[in-house]
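# Breakdown of the fold
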Amino acid sequence: MIYKVFYQETKERSPRREQTVSLYLEVDAATELEGRIIARQLVEENTSYNIEFIELLSENHLEYEKAHADFKLTEF
């Protein structure tokens with residue numbers, strides 16, 4: 001499963017929509033919820049980012065992201 005993680009680069013400032021960035025993670029999980037939990041743990045253990053939202057990408061959404069965004073899987 002591929003998850004898109006929306007985050008702010010620092011926890012020290014109030015979040016602003018204009019400063020939200022994202023990364024993509026591939027997570028091996030049995031359910032969507034388990035995948036979100038694993039994705040959050042990976043990001044929290046390896047960065048100091050302020051996570052805003054974690055979204056599971058459907059096949060159509062994933063194809064769109066690959067075609068229209070700077071798509072690159074993040075590995076920790």
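Here we summarise the structure given alongside this text. (Residues numbered from 1 in each chain as written. Predicted model: local features only at pLDDT ≥ 70, side-chain atom pairs only at ≥ 80, totals over all residues. Heavy atoms only, no water.)

### Observations concerning the nonpolar core
Ranked by size, the top nonpolar core spans 11 residues in total: Tyr-3, Val-5, Tyr-7, Leu-23, Leu-25, Val-27, Ala-29, Ala-39, Val-43, Ile-51 and Ile-54. Of all the elements in the fold, those that place two or more residues in this core are β1 (2-8), β2 (21-26), α1 (32-46) and β3 (50-56). The dominant element in this core, judged by the number of residues it contributes, is β1, at three residues. When residues no more than four places from it in sequence are discounted, the contact partners of Val-27 are Met-1, Tyr-3, Gly-35, Ile-38 and Ala-39. (Core = buried A, V, L, I, M, F, W, Y, C linked by side-chain atoms within 4.5 Å. Buried < 20%, exposed > 50% of the residue type's maximum accessible area, 1.4 Å probe, protein only. Helix = DSSP H or I, 4+ residues; strand = E, 2+ residues; numbered from the N terminus. Contact = heavy atoms within 4.5 Å.)

### Here's the deal with the side chain of Lys-4
The topology assignment puts Lys-4 in strand β1. A polar contact of 3.1 Å, which involves the side chain of Lys-4, links it to the side chain of Glu-65. Residues within four places of Lys-4 in sequence aside, it is in contact with Ser-22, Leu-23, Tyr-24, Phe-53, Ile-54, Glu-55, Leu-57 and Glu-65. (Polar contact = N/O pair within 3.5 Å; in protein donor to acceptor, adjacent residues only side chain to side chain.)

### What to know about the packing of aromatic side chains
Under the definition given, this model contains three aromatic pairs. Measuring from ring centre to ring centre gives 4.0 Å for Tyr-7 and Tyr-49, while their planes differ by 10°; the resulting arrangement is stacked. Taken together, the residues span a long stretch of sequence, with Tyr-7 in strand β1 and Tyr-49 in the loop between α1 and β3 at a distance of 42 residues. For the ring pair Tyr-24 and Phe-71, a centre distance of 4.7 Å and an interplane angle of 50° mean the geometry is tilted. One end of the pair, Tyr-24, is in strand β2; the other, Phe-71, is in the segment after α2 (59-68), with 47 residues separating them in the sequence. (Phe/Tyr/Trp six-rings, centres within 6.5 Å; stacked < 30°, edge-to-face > 60°.)

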